[in-house]
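Survey of secondary and tertiary structure
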Amino acid sequence: MANQPDAQGAAAESTDPFVMDVKKIREDARKHMSDGAVTQTYGADLKTVLQLLNDSLATEIVCVLRYKRHHFMAKGINSEAVAAEFAAHAAEEQGHADSIAERIVQLGGEPDFAPDGLKTRSHSEYKEGENLTDMIRENLIAERIAIDTYREIIRYLGDKDVTTRRLFEEILAVEEEHADDMADLLEGRE
Ligand SMILES: [Fe+2]
Ligand SMILES: [Fe+2]
């Protein structure tokens, strides 16, 4: 019979009973209170996750700085609309940086805001760009780098730390919008 407990595949999965040891969960919750949100069932390697979060924090800060620079330096045809777009992106990158820093603290870590080494920690680069088209292109490249690195992080986190994964998924969706915005602006300029 396909539904026997030792059956392989989907049939076996469907018979997997939901068992939860509430007594143990309650005991563990009391024992390690100073760990805050990090409980005994935290499935990821905390050191690695904090490193990934801090590298991403650096990435977001570099993105804020690059978009800010571009916002103030945008000149030429239709530059006002583009400058406004850069400013809007800078604000959203700042929001990402804040959410990431908040998550680091939740996990018992410390957000690294040190300017020393910021460029090395960041995944994407700080490129000034010579003109408006250059700036748009540099932002598109930076967004594409952020998209790929966040996708990797999401894949790594899997089910091990769902909250951090969800945070990266939300950020990723916005970076994809940013890349799309830059690609639209670039069209017709090249
Ligand atoms: Fe961002
Ligand atoms: Fe972005």
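Residue positions are given per chain, counting from 1 as you read along its sequence in written order. Chains and ligands are labelled sequentially in the order written, the chains with letters from A and the ligands with numbers from 1. Local features in this predicted model are restricted to residues whose pLDDT is 70 or higher, and side-chain atom pairs enter the listing and the counts only when it is 80 or higher, whereas totals over whole chains, interfaces and linings include all residues. Calculated side-chain values reflect all of the structure's heavy atoms, with hydrogen atoms and water omitted.

Named according to an unreviewed UniProt entry, the chain is Bacterioferritin originating from Paraburkholderia ginsengisoli.

1. What to know about the coordination of the iron ion (ligand 2)
Every protein donor of the iron ion (ligand 2) is listed here as E93 (OE), E143 (OE), E143 (OE), E175 (OE) and H178 (ND1), and their distances to the metal cover 2.0 to 2.3 Å. Water is absent from the atoms considered, so a metal site may look incomplete; donors are defined as N, O and S atoms within 2.8 Å of the metal, or 3.2 Å for Na, K and Ca. When the donor residues of the iron ion (ligand 2) are listed from N- to C-terminus, their spacing reads E-x49-E-x31-E-x2-H. Looking at E143, the relative accessible area reads 1%, which means it is buried. The cut-offs for exposure are 20% and 50% of the maximum accessible area for each residue type, with area from a 1.4 Å probe on protein chains only; residues under the lower value are buried, those over the upper are exposed, and the others partly exposed. On the basis of relative accessible area, H178 is assigned to the buried category, the value being 1%.

2. Remarks on unusual backbone geometry
Residues other than glycine seldom take positive phi values, yet N78 does so here, at roughly 55°. Only DSSP runs of H or I reaching four residues or more are called helices, and only runs of E reaching two or more are called strands; each is numbered from the N terminus. Relative to the assigned elements, N78 resides in the loop between α3 (46-73) and α4 (79-106).

3. What to know about the coordination of the iron ion (ligand 1)
Within the protein, E60 (OE), E60 (OE), E93 (OE), H96 (ND1) and E175 (OE) serve as the donor atoms for the iron ion (ligand 1), at 1.9 to 2.6 Å. Here the donor residues for the iron ion (ligand 1) map to a single chain with the spacing E-x32-E-x2-H-x78-E. The distance between the iron ion (ligand 1) and the iron ion (ligand 2) comes to 3.9 Å, with E93 serving as a donor to both metals. Pair noted here: E60 is in helix α3 and H96 is in helix α4, with a separation of 36 residues, a long-range link. One exposure class covers both E60 and H96, and it is buried.

4. A short note on a negative patch on the surface
Residues E92, E177, D180, D184 and E187 make up a contiguous surface patch of negative charge. Examining the composition of the negative patch, we find that 3 residues originate from one element, helix α7 (residues 162-186), more than from any other. Residue position: D180 is located in helix α7. Overall, D180 belongs to the partly exposed group, its relative accessible area being 44%. Like charges are joined within 9 Å and nonpolar side chains (Val, Leu, Ile, Met, Phe, Trp, Tyr) within 5 Å, but only among residues with over 30% relative accessible area and no salt bridge; these make up the patches. The accessible surface values rely on the Shrake-Rupley method and a 1.4 Å probe; as for residues, cover is taken only from the protein chains in view. Between Lys or Arg on one side and Asp or Glu on the other, a salt bridge is scored when a side-chain nitrogen of the former is within 4 Å of a carboxyl oxygen of the latter. Residues scored as charged are limited to Lys and Arg (positive) and Asp and Glu (negative), so that His and the chain ends carry no count. The atoms used to mark charge sites are NZ of Lys, CZ of Arg, CG of Asp and CD of Glu.

5. So, a nonpolar patch on the surface
Taken together, the side chains of F18, M20, V22 and I25 make up a nonpolar region of the molecular surface, amounting to roughly 430 Å² of accessible area. Relative to the helices and strands, I25 resides in helix α2 (residues 22-31).

6. Details of the pattern of salt bridges
The full count for this structure, using the stated rule, is 12 salt bridges. In this structure, E27 and K23 form a salt bridge, with 3.3 Å as the shortest nitrogen-oxygen distance. Note that E27 and K23 are positioned in helix α2 at a spacing of 4 residues, about one turn of the helix. Take E27: its relative accessible area is 38%, and that puts it in the partly exposed class. With a shortest N-O distance of 3.1 Å, R103 and D161 are connected by a salt bridge. Here R103 is found in helix α4, whereas its partner D161 is found in the loop between α6 (132-157) and α7, with 58 residues between them in sequence. Accessibility assignment for this pair places R103 and D161 in one class, buried. The structure contains a network of salt bridges with shared partners spanning K24, D28 and K31.

7. Side note on the environment of M182
Mapped onto the elements, M182 comes out in helix α7. Given the relative accessible area of 0%, M182 is considered buried. In this structure the C-alpha to C-alpha distance between M182 and D28, which are 154 residues apart in sequence, comes to 49 Å. The contact criterion used throughout is that any non-hydrogen atoms of two residues lie within 4.5 Å. Here M182 is in contact with Y67, E85, F86, H89, I136, N139 and L140, once residues within four sequence places are set aside.

8. Remarks on the packing of α3 against α6
The angle between two axes is taken between their N-to-C directions and runs from 0 to 180 degrees, where each axis is a line fitted to C-alpha atoms and a helix contributes only its stretch in contact. Running from N to C, α3 and α6 point in directions that differ by 165°, and their axes come no closer than 11 Å. In terms of orientation, α3 lies roughly antiparallel with respect to α6. In this structure, α3 crosses over α6, and the sense of that crossing is left-handed. Only M135, E138, N139, A142, E143, Y150, I153, Y156 and L157 of α6 make contact with α3, whose side of the interface consists of T48, V49, L52, S56, T59, E60, R66, Y67, H70 and M73. Residues are grouped as follows: Ala, Val, Leu, Ile, Met, Phe, Trp, Tyr, Cys and Pro are nonpolar; Asp, Glu, Lys and Arg are charged; every other residue, Gly included, is polar. Class assignment of the residues belonging to the contact of α3 with α6 gives a composition of 10 nonpolar, 5 polar and 4 charged. Each angle receives one of four descriptions, namely roughly parallel if under 35 degrees, roughly antiparallel if over 145, roughly perpendicular if within 65 to 115, and oblique otherwise. Put simply, a crossing is left-handed when the front helix is turned counterclockwise from the back one by less than a right angle, and right-handed when it is turned clockwise.

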